[in-house]
Amino acid sequence: MNPLRSSTVIFSLAALCASLQAQETFAKYHFADESLESTDDNSAVTASAMSHNRDIFFWEGNGYTNLCIGQAFSAGGHIEFTVSAANGSDTLSVQGLLMQYGGHGGNGDVDRMQVYTDAGGDNFQTQLYDTGNLGQTHMIDLTGVGILQDVAGPITMRIEFFDTNGTGTANAEWDKIQLFGTRNDVPPPPSNPCLGSQVYFDDGWQNSSYTVNGQTPEWFFPPWTDEYDVACIGNSNPAHDTHIPSIWSNSCSVGCRRLEFTIKGRNNGDDDSIGFVLGFCDGEQNDPNADYLAVIWNGPEQTIQLPNFCQEATRPAGLHLVRVTGIPDPAEFFGQTNLDCTPASSGVELLQEAINLTDTGWPPGVAQDIAVELTEGRLQVWVEGSLEIDYEAPIMVSYLEQCFGYYAQTQFADFWGLTVESLNNFPAAWSNYGEGTEGCAGVPEIGMLANPILGTLGQVFVGNATPDSTECALFVSLTPGELFLDILGGDLLVGVPLAGVVPLTVPPGGATFDCAVPDNSCVSGVSLYWQAICIDPCSPTMLAASRGMQMTFGEF
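Here the structure is a predicted model, which is why all the values come from computation and not from measurement.

Draft legend 1. Broad picture of the state of the cysteines. Throughout the structure, instances matching the rule amount to five disulfides. One disulfide in the model links C472 with C534; its S-S distance is 2.0 Å. Residues C472 and C534 are joined by a disulfide whose S-S torsion is about 110°; by sign, that bridge is right-handed. Note that C472 is positioned in strand β33 (residues 470-477) and C534 in strand β38 (residues 527-535), a separation of 62 residues in sequence. On the accessibility criterion, C472 (6% relative accessible area) is buried. Judged by relative accessible area, C534 falls into the buried class, the value being 4%.

Draft legend 2. Representation of the nonpolar core within the structure. Membership of the largest hydrophobic core comes to 41 residues, with the highest contact counts inside it found for F261, F276, V372, L379, F404, Y406 and L418. Ranked by residue count, the leading element in this core is strand β29 (residues 413-422), at four residues. Once you skip the residues sitting within four places of it in the chain, F261 turns out to touch F276, Q368, D369, I370, V372, F404, Y406, W416, G417 and L418.

Draft legend 3. Representation of the pairing of β38 within the structure. Counting buried residues in β38 gives eight out of nine residues, a clear majority hidden from the surface. Where β33 meets β38, six bridges bridge the pair, whose relative direction is antiparallel. By the bridge assignment for β38, S477 is matched with Y529. Where β38 lies against strand β40 (residues 548-552), four bridges are found, and the strand directions are antiparallel. Bridge pairing links S527 to T552 in β40. Where β38 meets strand β39 (residues 543-545), three bridges bridge the pair, whose relative direction is antiparallel. Residue pairing across strands places I533 opposite A545, the latter belonging to β39.

Draft legend 4. Structural detail: the side chain of T91. The residue T91 is located in strand β8 (residues 91-106) in this model. T91 sits in the buried class, given a relative accessible area of 7%. Polar side-chain contacts of T91 include one of 2.3 Å to the side chain of D150.

Draft legend 5. Layout of the sheet that holds strand β23 (residues 318-325). On the basis of which strands lie adjacent, the open sheet formed by seven strands has the order β14-β17-β28-β19-β20-β23-β24 and antiparallel pairing. Lying at the two open borders of the sheet, with one neighbouring strand each, are β14 (206-207) and β24 (347-353). For strand β19 (residues 273-278) and strand β20 (residues 291-298), the ladder comprises six bridges, and the chain directions are antiparallel. Bridge pairing in β20 places F276 opposite V295.

Draft legend 6. Layout of the packing of aromatic side chains. Scanning the model with the defined rule gives eleven aromatic pairs in all. On the basis of an interplanar angle of 80° and a centroid distance of 4.8 Å, the ring pair of F280 and Y292 is categorised as edge-to-face. Highlighted residues: F280 in the loop between β19 and β20 and Y292 in strand β20, separated in sequence by twelve residues. A single burial state applies to F280 and to Y292, both of which are buried. Ring centres of Y433 and Y529 lie 6.1 Å apart, and the angle between their planes is 80°; this geometry places the pair in the edge-to-face category. Linking Y433 in strand β30 (residues 429-433) with Y529 in strand β38, this pair joins segments that are 96 residues apart in sequence. Judged by relative accessible area, Y529 falls into the buried class, the value being 12%. Site record: aromatic cluster; members linked through ring pairs are F261, F276, F404, Y406 and F415. The cationic tip of R258 hangs over the ring face of W382; the distance from NZ or CZ to the ring centre is 5.1 Å.

Draft legend 7. Region of interest: the sheet that holds strand β32 (residues 457-462). The three strands lie next to each other as β31-β32-β37, forming an open sheet whose pairing is antiparallel. Of all strands in the sheet, those with a lone pairing partner are β31 (446-448) and β37 (511-516), marking the two edges. Between one strand and the next, the sheet's axes are offset by a mean angle of 25°, whatever the strand orientation. Across six bridges, β32 lies against β37 in antiparallel orientation.

Quick notes on the rules
Per-chain numbering applies: the sequence of each chain, read as written, is numbered from 1 onward. The predicted nature of this model means local features are confined to residues of pLDDT at least 70 and side-chain atom pairs, given and counted, to a pLDDT of 80 or more, with totals for whole chains, interfaces and linings taken over all residues. The side-chain quantities take in all heavy atoms of the structure and omit both hydrogens and water. Cysteine sulfur atoms that come within 2.5 Å of each other are treated as a disulfide pair. Each helix is a run of H or I in the DSSP string that is no shorter than four residues. Each strand is a run of E no shorter than two, and both are numbered from the N terminus. Here's how the labels work: a residue is buried when its accessible area is under 20% of the maximum for its type, exposed when over 50%, partly exposed in between, all with a 1.4 Å probe on protein chains only. Here, nonpolar core means buried Ala, Val, Leu, Ile, Met, Phe, Trp, Tyr and Cys residues that are tied together by side-chain atoms lying within 4.5 Å of each other. Every residue pair with non-hydrogen atoms within 4.5 Å of one another is taken to be in contact. Two strands qualify as a pair provided DSSP detects at least 2 bridges between them. A 3.5 Å cut-off defines polar contacts: any pair of N or O atoms within that distance qualifies, except that in protein one atom must be a possible hydrogen donor and the other a possible acceptor, and neighbouring residues in sequence count only when both atoms are side-chain atoms. In summary, the pairing rule links any two rings of Phe, Tyr or Trp, Trp by its six-membered ring, whose centres are within 6.5 Å, and it sorts them by plane angle into stacked for under 30 degrees, edge-to-face for over 60 and tilted for everything else. Our definition puts a charge over a ring when NZ of Lys or CZ of Arg is within 6 Å of the ring centre and also within 35 degrees of the ring normal. Axis lines are fitted to C-alpha atoms, over the contacting stretch for helices. Their N-to-C directions set the angle, which ranges from 0 to 180 degrees.

Right, here's the structure in full:
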């Protein structure tokens, strides 16, 4: 059995995810083109088409868009639209309604507006707002309206316009109507800054540089960062005497993902080493048990002895894959080899030379596009579209859930444009299967509160078929099963051997069990199989069992 597929499904108790609290726009209506849009990026809120009666029309002229009432009615026209949660487990809480005035009015003015809602089934009998002056922007605070808070069903807003002074045709100009608030009850969609698009350097990056003789290289952003998000390495003085390895790392796991980025070594009269690391996480530069991979691209071959080198070292030219363990001496990084002057547990081991760039130093001042794919037993690296590293070994498994970083030794270099894509783009899902065994109130339930998306906190719900609290055990396996057990009076629906057994006290209303879903694309599409078995006094065997549940990890 693949060790990754059992070791990465580790369960841990954690606090429930907080409800989404950020204010968001539910719907926005533009008077200029009579369009209604739902502006929630996650499509968690939908908006119906805007409707209005024949007494309201829109006139556009002289660069203005006017909302007009066609006749002088004491009760004029109206506009209405509906918002609802696209996710069935969401609820909405309306915070406010904005009528944005466009700065132009005339011809008698629309002199009154009333706002109603049918939330709660009141059929527009709930009046929210009544004003006499429409020649301005109106922000209507709805946070205190109870029927608009935590609403599961659709919310329809109706805005009625009046010309009570009988001046005939009236108009007033607004740019838009905007309804905003919060979504509740469901944890926010997973925010994975390491997947799907460009990864920016404010997404948890750390300066993880080694320190030698009290000197640590510094990473910084040049003034032109805004153009294409660049990180730059600069060394502490004296730059040519230190040769300190420096790493700029983030929390992106690299397993079963394709990374693409650009490296440019600056042409500043020096030609040392640039590259990147895999399986390195912040703090390992000070960890005697560190273990990570580095792809290092050197300038031309050079032999040197520096005051902070434990012995003379020769730097090979070209691109190399190495394994770093412990806390190597700078000379071992420079020469990319284990030296006798350090403990055996600390060093740099050469794993593979580049296919084409074995003796070719990096070209100063020339941007190089790099692509990397690390799977369960294989690492591949492309430079400018040419495959340079193709290394297969079982040790790859230990680096899959670890981090990514950029590397430089003495050299000034720029790094930008990191994008990360999954190689296993499966949807997350869960479902029940098989038949359970009944207790006092039927078969105990088992299910999930949300799909097990990578990098999120999964929550498994276990029901209780007894009137009192009871003790249960959650059986988890990497395979389904169908094994009849006399002691159960029914089938064990998970395969043997088990991946784990989790004890759980379940109150009468049921209990939620938390499990951390690994942030590792290598387990995308992998399933776990669950069954709950509980003590139940109404069962002939004193045990009741749930149906089986298949939990499939996925990227979305």
